[in-house]
Amino acid sequence: MHLLRQFDMTYRPAHYGHAAAPPTGTRVELARIDHPLAQDELVLVAHRVRGCWRYSFEAPEDWNLVPGRASSREALTFAELIDLFEESTVNKRDRAHLLWALNSEVFQSDHDMSLAEQRLRLTRAADLPRPRSALYPELAQWCADQQSDWIATYLILMAKARNGERLG
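Residues numbered from 1 in each chain as written. Predicted model: local features only at pLDDT ≥ 70, side-chain atom pairs only at ≥ 80, totals over all residues. Heavy atoms only, no water.

Draft legend 1. Inspection of the nonpolar core at higher detail. Counting residues in hydrophobic clusters, the biggest one holds 32 residues, and the most contacted among them are Tyr16, Tyr55, Phe85 and Leu98. Taken together, the elements giving at least two residues each to this core come down to β1 (27-34), β2 (42-49), β3 (52-58), α1 (78-87) and α3 (139-162). Looking at this core element by element, the count peaks at 5 residues for α1. When neighbours within four sequence positions are excluded, Leu98 is seen to be in contact with Ile33, His35, Leu42, Phe57, Trp63, Leu65, Phe85, Ser88 and Pro129. (Core = buried A, V, L, I, M, F, W, Y, C linked by side-chain atoms within 4.5 Å. Buried < 20%, exposed > 50% of the residue type's maximum accessible area, 1.4 Å probe, protein only. Helix = DSSP H or I, 4+ residues; strand = E, 2+ residues; numbered from the N terminus. Contact = heavy atoms within 4.5 Å.)

Structure follows, in structure tokens:
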């Protein structure tokens, strides 16, 4: 049985703007992601502009990342931060999948491996995005839990396919 951790999705870091309004021009680093498809780290930043926070990414130029949310009056809640990542796009068109390695070769099945070997290979994979944040300290664990659940679901689907069951 897989137990899911509970995360406070309403958590809002007070020191990045909720308790006191910082001056215009303030720059705050919200999170960094080591993403397998990027040449460098992806950095989400908030800039204080005329009473609100504007969000942008510092990323390799060819990524042209657009945050899933342009601005907010106060610091993002944990849930809003995750939504910002999940709604982010590349060139304002395609989902960026910043927290998931959906296009990675690591998720290609190897039918010669047992499911236990597949699980071990997937959980050790360097191709999973690794986020971290000083302001949102649970981000890394939340993402690791989500990836673990995804891997478990993927392995169940593989087992069903091996047994000839219909998927869906």
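What follows picks up the thread again.
Draft legend 2. Structural view of the sheet that holds strand β7 (residues 94-95). Pairing in this open sheet of 3 strands is antiparallel, and the strands run β4-β6-β7 from one edge to the other. Both outer strands of the open sheet, β4 (65-66) and β7, are each paired with one neighbouring strand and no more. (Pairing = 2+ DSSP bridges.)

Draft legend 3. Highlighting the packing of helix α2 (residues 115-123) against α3. Relative to each other, α2 and α3 sit at 150°, their axes nearing to 11 Å. Relative to α3, α2 is oriented roughly antiparallel. α3 is crossed by α2, and the crossing has right-handed handedness. Contact residues: α2 offers Leu115, Gln118, Arg119, Leu122 and Thr123, while α3 offers Ile151, Ala152, Tyr154, Leu155, Met158, Ala159 and Arg162. Split by residue class, the contact of α2 with α3 holds 8 nonpolar, 2 polar and 2 charged. (Axes fitted to C-alpha atoms, helices over the stretch in contact; angles between N-to-C directions. Parallel < 35°, antiparallel > 145°, perpendicular 65-115°, else oblique. Left-handed = near helix turned anticlockwise from the far one by under 90°. Nonpolar A, V, L, I, M, F, W, Y, C, P; charged D, E, K, R; others polar.)

Draft legend 4. Structural context of the pairing of β3. Here β2 pairs with β3 via 7 bridges, running antiparallel. Within β3, the residue paired with Ala46 across the bridge is Tyr55. A loop of 2 residues connects β2 with β3, the two strands running antiparallel in sequence, and Arg50 in this loop sits at a positive phi of about 40°. Across 2 bridges, β3 lies against strand β5 (residues 71-72) in antiparallel orientation. The residue bridging Arg54 from the neighbouring strand is Ser71, located in β5.

Draft legend 5. Layout of the side chain of Gln147. Along the chain, Gln147 turns up in helix α3. For Gln147, the residues in contact, after removing those within four places along its chain, are Leu99, Trp100, Leu128, Pro129 and Arg130.

Draft legend 6. Quick peek at the side chain of Arg48. Looking at where Arg48 falls in the secondary structure, it is placed in strand β2. One buried charged side chain, Arg48, makes no salt bridge at all; its nearest oppositely charged neighbour is Glu74, positioned 8.7 Å away. A polar contact of 3.4 Å, which involves the side chain of Arg48, links it to the backbone oxygen of Arg73. (Lys, Arg positive; Asp, Glu negative; His and termini not counted. Salt bridge = Lys/Arg side-chain N within 4 Å of Asp/Glu carboxyl O. Polar contact = N/O pair within 3.5 Å; in protein donor to acceptor, adjacent residues only side chain to side chain.)

Draft legend 7. How the structure looks around the packing of aromatic side chains. Per the counting criterion, the structure on display carries 4 aromatic pairs. A centroid spacing of 6.4 Å and a plane angle of 40° characterise the contact between Phe7 and Phe78, whose relative ring orientation is tilted. A residue pair is termed long-range when its members are at least 10 positions apart, and Phe7 in the segment before β1 and Phe78 in helix α1 qualify at 71 residues. Judged by its relative accessible area of 16%, Phe7 is buried. (Phe/Tyr/Trp six-rings, centres within 6.5 Å; stacked < 30°, edge-to-face > 60°.)

Any functional reading would require information beyond the geometric quantities listed.
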